[in-house]
Amino acid sequence: MTAAGENLHRIQRPVLVLSLFIFGAVVARNAWLSDDAYITFRTVDNFVHGYGLTWNPAERVQAYTHPLWMFVVATVYFFTCEAYYTSLFLSMTVSVLAVGALAWRGACSPFAALLAVLVLTLSKAFVDYSTSGLENPLTHLILVVFLLVYFRAAPGRRRLFLLTLLTALGATNRMDVALLFLPMLVFALFKTPGPWRGRLRIAAWGFLPFILWELFALVYYGFFFPNTAYAKLNLGLISRTELLEHGLRYFANSWRWDPLTLSAIVAGCVVALWQRDRRALFAVAGVLLYLLYLLWIGGDFMSGRFFAAPLLLAVAVLMQTDLRALKAGRWALLAAVVGIGLVSPYSPVRTDGSHGAGTDAHGITDEKGNYWSATALFRTTRDRQFPDHDWAHQGRAARADNPGIVQKGSIGFYGYFAGPDVHVVDLLALADPLLARLPPVDPIWSIGHWGRRSPEGYIESLATGENRIAHPTLAFYYDRLALVTRGRLFDPARLKAIWQFNTGAYDHYLDAYARFEGDVWTLPLRLTNTGSFPYVFAYVWNNGAAEAYLLDDTSGPGQVYSVTWTISARSVGFAGNYVAHTSSIGPLSDETTLNVGLILSPGPELINHEIFEHRYWFRLRGDRLLVARQGMGWHNENASDGWWFEADAGVAIERK
């Protein structure tokens, strides 16, 4: 190295240290917490206070996706008994350690390290999820240590063991991030000298933490996968095409809001292909595999969250490149990174969450901006309880009032502050064992928010401890599921039920309640006049038309009518007594729901009438119907001018 090069080298190291301090300052300035993080914090609180690894103490349900992060938080929480500052400072510490270790030990030159730190500091995705309370910081630290071993250690058994151990820790922290590690691990497995039997034995020992966790999860929870996986993968009528389309929108959203992140990922992949270094090629194979998986599952609703780890891996690949060959061009590269990072619309250096991006047309949200005013570290004051969010305030009130059982759509803040005495039923199914296994029934969905509805009798079952679910096959299914989630751990009947659930033995009981697939759907109903209206109509509505019958024009309170609808793709048939056939329907269209209803009216003109409906989400596959047969109840007390609101139809419409 020349004297000038040595001087430049000495200058760059202090600049690198300064850049790490700037990274830490930017992360602290943007520090925040998400509602989803408090789902884990409720489990942590229950665990520390002796209620087990549970969401609701009465049942064993894995409502978190990141066991290792949960245990790390729980360890610190045991001493602090406080979630807000504990998780924020833990996240910031782990994030700075990850970036510091990568910069100090993972680069081939100080300039490459400086470039990497600048990319990560200017990436909205990476900075936003360096806090949030979710598992990203620990994923980043494990990935950095893995990369240091992968790129720096000599091939051998010790290296292979460390790489498999770190892969296991990464998968225990979040199962799907194993995709980032696996191509590199396969490469290391082939490069390790010695017989294959010995190599595989070493790999098996390395995977022991993950294997032990999975065995624990199977025995304790009854399932290998977290409950959240069943909630987000059991999507019923949502097609793979729709998910792929949303996955593309997730990538496009990141490009609009945070162009530096995707640009750096692409740059890392291109550099690996250009250099043709096999280690780097297998590293970017992990990036591409993970991105394809992200596309396959439809992305997510949290903008940028799942690009942070692949960005870190792509940046690590860039750091292996000797940029000195670029000479003056490397300064142009540095200027380009700074320029793109600073002109990005929501640059974490220029803006904080108070200037958030909101939610785009496809339900993808700037979560930091969404929760900024309620959870940002730099907005805490002595006269405000943090998180200062309506859901947190409702939870604190519930802790005082103890309402028993509550159904909620957003459960994190509420559940944590409500405490273990309030049983919180999660209508998005992340924390509810039965709802997670039912398909969504609401056709108006956004990614990651798959609305479920509690089956008839489910809430009463939770309140009384007795199975009061009305549908017989679902009642049987819930009996078996409750045995797994509530029974004695080593009860032989429970262990048998665990085996049967995981081998699909009970799936047909669930299908009998939740799904219909066939050419003709037969729907027998019992309709009741719940008012004093003389005119009673039954109908099936779809695509702007109705098959409708006047059942009675002299009805009275409590009058009951038995009808049967036979519904196919091209026609709707009716069986039952009626006075008049009032309108006809054409072929069905799955662009709208299939609404089966009851009209109660003072006269034939349908003025100031009352309507009850069951609305069914369905799909057409040629002439075959696929129906989410649980349906949703709706009610309009004063049609045609009144408001529709979602409500159980009760005795007005009962399925036989």
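In case you missed it, the structure is sitting above this.
A brief structural summary. (Residues numbered from 1 in each chain as written. Predicted model: local features only at pLDDT ≥ 70, side-chain atom pairs only at ≥ 80, totals over all residues. Heavy atoms only, no water.)

Considering the pairing of strand 5 (residues 535–542)
Rules: Buried means the residue's accessible area, taken with a 1.4 Å probe over protein chains only, is under 20% of the maximum for its type, while exposed means over 50%, and partly exposed covers the values in between. Strands are runs of DSSP state E lasting at least two residues, helices are runs of H or I lasting at least four, and both sets are numbered from the N terminus onward. Two strands make a pair as long as DSSP finds a minimum of two bridges between them.
Of all eight residues in strand 5, seven are buried, a share of seventy percent or more. Here strand 5 pairs with strand 10 (residues 594–601) via seven bridges, running antiparallel. Residue pairing for strand 10: Ala 538 is matched across the bridge by Leu 598. In the sheet, strand 5 pairs with strand 6 (residues 545–552) via seven bridges, with the strands oriented antiparallel. In the sheet register, Trp 541 faces strand 6, and the bridge partner there is Ala 546. The turn linking strand 5 back onto strand 6 is made up of two residues, and Asn 543 within it adopts a positive phi angle of 55 degrees.

A look at the packing of aromatic side chains
Quick note on the threshold: Any two rings among Phe, Tyr and Trp, with Trp reduced to its six-membered ring, count as a pair given centres within 6.5 Å; such a pair is stacked if its planes are under 30 degrees apart, edge-to-face if over 60, and tilted if neither.
The final tally for this structure, using the stated rule, is 45 aromatic pairs. When the centroid spacing of 4.8 Å and the interplanar angle of 85 degrees are considered together, the rings of Tyr 84 and Tyr 85 count as edge-to-face. Given the relative accessible area of 2%, Tyr 84 is considered buried. Assessed through its relative accessible area of 37%, Tyr 85 is described here as partly exposed. Plain terms: the ring middles of Tyr 549 and Tyr 578 are 4.9 Å apart, the flat faces sit at 70 degrees to each other, and that makes the pair edge-to-face. You can see Tyr 549 sitting in strand 6 and its partner Tyr 578 sitting in the loop between strand 8 (572–575) and strand 9 (580–583), a full 29 residues away along the chain. We classify Tyr 549 as buried; its relative accessible area is 8%. Judged by its relative accessible area of 45%, Tyr 578 falls in the partly exposed class. The structure contains a cluster of three or more aromatic residues connected by ring pairs, namely Tyr 38, Phe 41, Tyr 371, Trp 391, Phe 413, Tyr 416 and Phe 417.

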